[in-house]
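Breakdown of the fold
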Amino acid sequence: MEKQKSFLPTAPYKGTRDFYPDDMRFRNWMFSVMRETVQSFGYQEYDGPILESFDLYKAKSGEEIVQRQLYDFTDKGDRHVAIRPEMTPTLARMVAGEVRNLAKPIRWFSIPNLWRYEQPGKGRLREHWQLNVDLFGVNSYRAEVEIILIADSILKKFGAPAGSYQIKISHRGILDSFLSNSLSLPSEKCQAVSKLLDKKAKISKEVFEQELRPLLSNPDGQIPLIYAYLESDLESLSRFKGINSEAVEFIGRLSADLKSLGIEKQISFDPSIIRGFDYYTGCIFEVFDTNPENRRSLYGGGRYDNLIGLFSNDQLSGIGFGLGDVTFRSFLEGHGLVPDLHRNDTVFIPVMEESLFPEILKLAYELRSDGINVETMLESGKVGKQIQTAEKKGYRFVLFLGESEVAKQEIQLKDLKTGTQSVLSRKDLSSKLKDSMLG
Ligand code: HAM
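Since the structure is predicted, the reported quantities are computational estimates derived from the model, not experimental observations.

Things to note about the overall build of the chain
- Counting secondary structure elements, the chain contains 15 helices and 17 strands.
- Expressed along its principal axes, the backbone C-alpha trace of the chain runs to roughly 90 × 70 × 50 Å.
- In the chain, which comprises 439 residues, the proportion classed as buried is 48%.
- Partitioning the contacts of the chain with sequence separation of at least 6, the portion at a separation of at least 24 is 68%.

Okay, structure coming up:
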């Protein structure tokens, strides 16, 4: 009997995506809008290696990332390495390496792919791309104002209406003072309780309380206090014993400034924002889609004062955020913010008659010299079929060149989006085409 041939699967590794050209076009468009927005604030792009030493994450990324989500292994030279699960440690390492030479404030951005061993699900994958925007060397709350303004500007640049997203801010100083002063928790318990608070939205009330009880000395008294804290607004925080009033004032001032810049509807103080990473020391924030179908955060960020200190005695405070491509794509699609992504940037030329192929090559050559992208068919075929090919390839503009057009030095231009057809003279073809492609 003939042995059945076994084939390799065509599906990508669990929790990762293949980017076929249509997806790539979407991704490039999405990142180009983001890139343009952050560059308009003077930020410069950087990148780093995908592989780093394991120690870089061990120090400050937090238990969940390091123990459960890191792709780490020993390389052939016996070094313990990890694939980057986030960009902030690489950024801190790079800034620390050149800290004395870099002009401050440092305004940098990057769009790396990151790897986390997660259970893939809605809004969560094992590989995602993340826009990182960070600002170093400004201690005042003006840095927070700028970073949150950039986060808001990106959403506005995509045309997001005010009610479609929420920017929720808090402060590690408020949380820490609540845990250690209002709840009187010893320092080793503070971290465990804050991790649990971070997890709260993902687990049931029963599980939350069940896990909380063993961490508290007087659960019946402390649990109601925790619920009251989580529901507080900025004004009512003062009723908690020993709450960090400087941090409360800081958030008050920041909110007022942002509101005066016209972001009042989108911004709110929310004490349930915890942020999982150990390195945050000040203001923390997350941005959420208001569409309940897209529950996971769009952005997460905050201020980190001590990361540079891992590498030397130098001190430089940083603040920034990460914006993930998975939830952001759902946001854009959910709110109808994806424009027509026809391939406006390239024209397509079918070959209707074999004998005209040299003329078509000449035309394509002229157009490319004028800066227009052109794809030509390489074999002749029926017009209908070639238009179908152009449609399937996502083209908007198709140029027809037949015997009579060659004789009259003309070209027929078909717009597949509007269905219109027009005759253009060969002389001003490039400039007319450029106008159409921009329009
Ligand atoms: P993060 O909260 O872990 O922060 O990630 C930021 C954003 O990346 C999230 O809000 C989410 O949109 C996206 N994201 C994270 N993990 C996944 C995943 N497994 N699948 C899909 N999307 C994901 C950080 O990484 C910080 N280092 C950000 C930062 C920069 N803080 C200061 N500067």
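Some points on the sheet that holds strand β15 (residues 395–400)
- Pairing within the open sheet is mixed, and its five strands lie in the order β14-β13-β15-β16-β17. With partners counted over all chains shown, the strands left at the sheet margins are β14 (373–376) and β17 (421–425), one partner each. Averaged over all neighbouring strand pairs, the angle between strand axes comes to 30 degrees, with direction disregarded.
- Of the strand pairs in this sheet, strand β13 (residues 343–349) and β15 are connected by three bridges, and their pairing is parallel. Among the inter-strand pairings, Val347 is bridged to a residue of β15, identified as Phe397.
- Across the sheet, helix α13 (residues 383–392) lies against β13, β15 and β16 (410–415), angled at about 150 degrees from β15, the strand it touches most.

A few points about the packing of aromatic side chains
- Scanning all chains against the criterion turns up 24 aromatic pairs.
- Between Phe19 and Trp129 the ring centres are 5.1 Å apart and the planes differ by 80 degrees, which places this aromatic pair in the edge-to-face class. Of this pair, Phe19 sits in the segment before α1 (21–39) while Trp129 is found in strand β7 (residues 127–136), placing the two residues 110 residues apart along the sequence.
- Trp129 sits in the buried class, given a relative accessible area of 12%.
- Where Phe26 meets Trp29, the ring centres are 5.4 Å apart and the plane angle is 70 degrees; that geometry is what we call edge-to-face. One end of the pair, Phe26, and the other, Trp29, are both in helix α1, three residues apart, so they sit about a helical turn from each other.

Looking at helix α6 (residues 172–182)
- Counting buried positions over the eleven residues of α6 gives eight, a clear majority of the element.
- Of all the residues in α6, the buried ones are Arg172, Gly173, Ile174, Leu175, Ser177, Phe178, Leu179 and Ser182.
- The inward-facing, buried residues of α6 contact β8 (165–171), α7 (187–199), α9 (219–230), α10 (245–260), β9 (267–269) and β10 (283–289).
- Downstream of α6 by one or two residues, Ser184 has phi in the positive range, about 55 degrees.

Considerations on the UniProt feature "domain: Aminoacyl-transfer RNA synthetases class-II family profile" (unreviewed entry) in the chain
- Within this numbering scheme, the UniProt entry marks residues 15–146 as carrying the feature "domain: Aminoacyl-transfer RNA synthetases class-II family profile" (unreviewed entry).
- The straight-line gap between the two end C-alpha atoms of residues 15–146 is 34 Å; of that span, 36% is helix and 23% is strand.

Some words on the environment of Tyr280
- For Tyr280, the location among the structural elements is in the loop between β9 and β10.
- Of the residues examined, Tyr280 reaches a relative accessible area of 7% and is grouped as buried.
- For the pair formed by Tyr280 and Arg303, sequence separation is 23 residues and the distance between their alpha carbons is 5.5 Å.
- If sequence neighbours within four positions are ignored, Tyr280 has contacts with Arg172, Arg275, Gly301, Gly302, Arg303 and Tyr304.

So, the sheet that holds strand β4 (residues 80–83)
- Taken in spatial order, the three strands of this open sheet run β2-β4-β3, and their pairing is antiparallel. Only two strands of the sheet have a single neighbouring strand rather than two, namely β2 (51–53) and β3 (71–74). For this sheet, the mean angle separating the axes of adjacent strands, direction not counted, is 35 degrees.

As for the site of the ligand
- Of all residues adjacent to the ligand, which total 27 residues, the nearest are Glu86, Thr88, Glu118, Tyr280 and Ser297.
- The separation between an oxygen atom of the ligand and a polar side-chain atom of Arg275 is 2.8 Å.
- Measuring from an oxygen atom of the ligand, one finds a side-chain N or O atom of Ser297 at 2.7 Å.
- Taken by itself the ligand offers 660 Å² of open surface, and the protein chains cover 97% of this.
- Taken together, the elements giving at least two residues each to the shell around the ligand come down to β7, β11 (299–304), β12 (318–324) and α11 (325–334).

Analysis parameters
- Residues numbered from 1 in each chain as written.
- Predicted model: local features only at pLDDT ≥ 70, side-chain atom pairs only at ≥ 80, totals over all residues.
- Heavy atoms only, no water.
- Helix = DSSP H or I, 4+ residues; strand = E, 2+ residues; numbered from the N terminus.
- Buried < 20%, exposed > 50% of the residue type's maximum accessible area, 1.4 Å probe, protein only.
- Contact = heavy atoms within 4.5 Å.
- Pairing = 2+ DSSP bridges.
- Axes fitted to C-alpha atoms, helices over the stretch in contact; angles between N-to-C directions.
- Phe/Tyr/Trp six-rings, centres within 6.5 Å; stacked < 30°, edge-to-face > 60°.
- UniProt positions renumbered as here; feature names shortened; annotations may be inferred.
- Near = heavy atom within 4 Å.
- Polar contact = N/O pair within 3.5 Å; in protein donor to acceptor, adjacent residues only side chain to side chain.
- Areas by Shrake-Rupley, 256 points an atom, 1.4 Å probe, with all protein chains shown as cover.

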